[in-house]
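Spelled out from the first residue to the last, the chains are:
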Amino acid sequence: MTGLNTIERQQQIVRLTQEQGKVSVKALSERFEVSEVTIRNDLSVLDRKKLLVRSRGGAMVNSQLSRELSLKEKSHHRQALKQQLGKEAALLVGDNEQILLDSGTTTQEVAANLVERKNLVVMTNGLNIALELAQADEVQVMLTGGVLRKKSMSFYGHLAEKSLQDFHFNKLILGVDGFDLKTGLATHFEKEAVLNRIMCEIASEIIVVTDSSKFNARAFHRICPIQRIHTLVTDDGIPDEYVQALERQGVRLHLVKQNK
C-alpha cells in the first residue's frame, strides 16, 4: 500500500489495530512498503496519543479507546440516561428557532422532545431524527442529503457539506464519540467529523449532549476543541476535573442526575 502520507498511514495503522487487536512492526512495514524504523516511529506517535499501546515487536489495541457501535447497539446502551439527556437538552430549544441537530441516538431523544415546538426549523444529517420529527405538525424538517451511512443512519459527503453552505442556525446540538480536555471533541468517522466541523461554523451556539462515558474517551477524528462549545448537557458522572476545566472556559453545564 503505497502513496499514503504520514497521517494517512497512521490512520490506517489505528484502523488495522482496532480490527485485528494486535499488529507487528514487520507486517506493517511490508504492508505500507516503508522501513521498520518508520513504522516504529508511527507506533510511538500513536502510543503517545493513546490511540494504541506499544508492545514488543508491534502494538495492540488500546482498550480505553472507545470503539464505534452501530446505531442498533447504541440504541440499547444507557437508554434511560439518554432519554433524560434528550429531555434536558430539548429545554434549551424554544419556539421560532432554526437549529441543527446532529445524527445519533442521544440526539434522537432530543428530537423526541421537540415535537410540540411551534414554528421550529430542524436541519439534520440523521435519517432516524428526520423520521422522529416527521409527524410534528409545526416542525419543519430539512435533511442535508448526501450518502447514507447505514451503520449510523447518517448522511455524509460532499452533497451533505454543500447543503449547509447557504444557512445559518441559532443552535447546533451535537453528539460526540469522544470528549477529551486536551484533544477536544471527536468522532469515529472521518467524513462525519468534516461535516460536524462545518456545522460548528454555521451555528451561533454549540450545545454538546453526551453521557459521561464519553469523557476521557478518544475517537480518532477531531471535530473541534472544547473552547468552541457554549453549553454541555451531560450526567453527574462527569469527572470533577472536567467540571472545573469547563467552568473555567465559561461553558454552561447542565448536569442530570442518573436514575439508579
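Small disclaimer: the values here were computed from a predicted structure and weren't measured. (Residues numbered from 1 in each chain as written. Predicted model: local features only at pLDDT ≥ 70, side-chain atom pairs only at ≥ 80, totals over all residues. Heavy atoms only, no water.)

Trainee: Looking at this model, I keep getting lost on the overall build of the protein chain. Mind explaining?
Mentor: The helix and strand inventory of the protein chain stands at ten helices and 15 strands. Taken against the 2.2 N^0.38 rule, which gives 18 Å for 260 residues, the C-alpha radius of gyration of the protein chain at 19 Å falls within 12% of a compact globule. Residues classed as buried in the protein chain amount to 50% of the 260 residues present. At a minimum sequence separation of 6, the contacts of the protein chain that also span at least 24 residues come to 60%. Total accessible area on the protein chain is roughly 12800 Å²; 47% of this is exposed by carbon and sulfur atoms. (Helix = DSSP H or I, 4+ residues; strand = E, 2+ residues; numbered from the N terminus. Rg over C-alpha atoms; globule rule 2.2 N^0.38 Å. Buried < 20%, exposed > 50% of the residue type's maximum accessible area, 1.4 Å probe, protein only. Contact = heavy atoms within 4.5 Å. Areas by Shrake-Rupley, 256 points an atom, 1.4 Å probe, with all protein chains shown as cover.)

Trainee: What should I look at first to understand the sheet that holds strand 13 (residues 221–224) in this one?
Mentor: Each strand in a sheet pairs with another by means of backbone hydrogen bonds, the pair being arranged parallel or else antiparallel. Taken in spatial order, the three strands make up an open sheet running 10-11-13, and their pairing is antiparallel. Every other strand in the sheet has two partners, leaving strand 10 (178–180) and strand 13 as the edge strands with one partner each. Across the sheet, the mean angle from the axis of one strand to that of its neighbour is 35°, orientation sign disregarded. Relative to strand 13, strand 11 (residues 184–187) runs antiparallel, the two sharing three bridges. Across the sheet, Thr187 pairs through a bridge with His221, a residue of strand 13. (Pairing = 2+ DSSP bridges. Axes fitted to C-alpha atoms, helices over the stretch in contact; angles between N-to-C directions.)

Trainee: It is not clear to me how helix 10 (residues 240–248) should be interpreted in this structure. Could you clarify?
Mentor: Since the α-helix turns once every 3.6 residues, residues separated by three or four places project in the same direction. Among all positions in helix 10, only Tyr242, Val243, Ala245 and Leu246 are buried. Here the buried face of helix 10 lies against strand 10, strand 14 (231–235) and strand 15 (252–256). Just beyond helix 10, the residue with positive phi is Gly250, at close to 85°.

Trainee: What is the right way to read the environment of Asn196 from this model?
Mentor: Locating Asn196 in the fold gives a position in helix 9 (residues 190–201). When the C-alpha positions of Asn196 and Leu172 are compared, they lie 9.6 Å apart, and in sequence the two are 24 residues distant. Apart from residues no more than four positions distant in its own chain, Asn196 is found in contact with Asp102, Leu174 and Ile223. Here Asp102 takes part through its side chain, which lies 3.3 Å from a polar atom of the side chain of Asn196. (Polar contact = N/O pair within 3.5 Å; in protein donor to acceptor, adjacent residues only side chain to side chain.)

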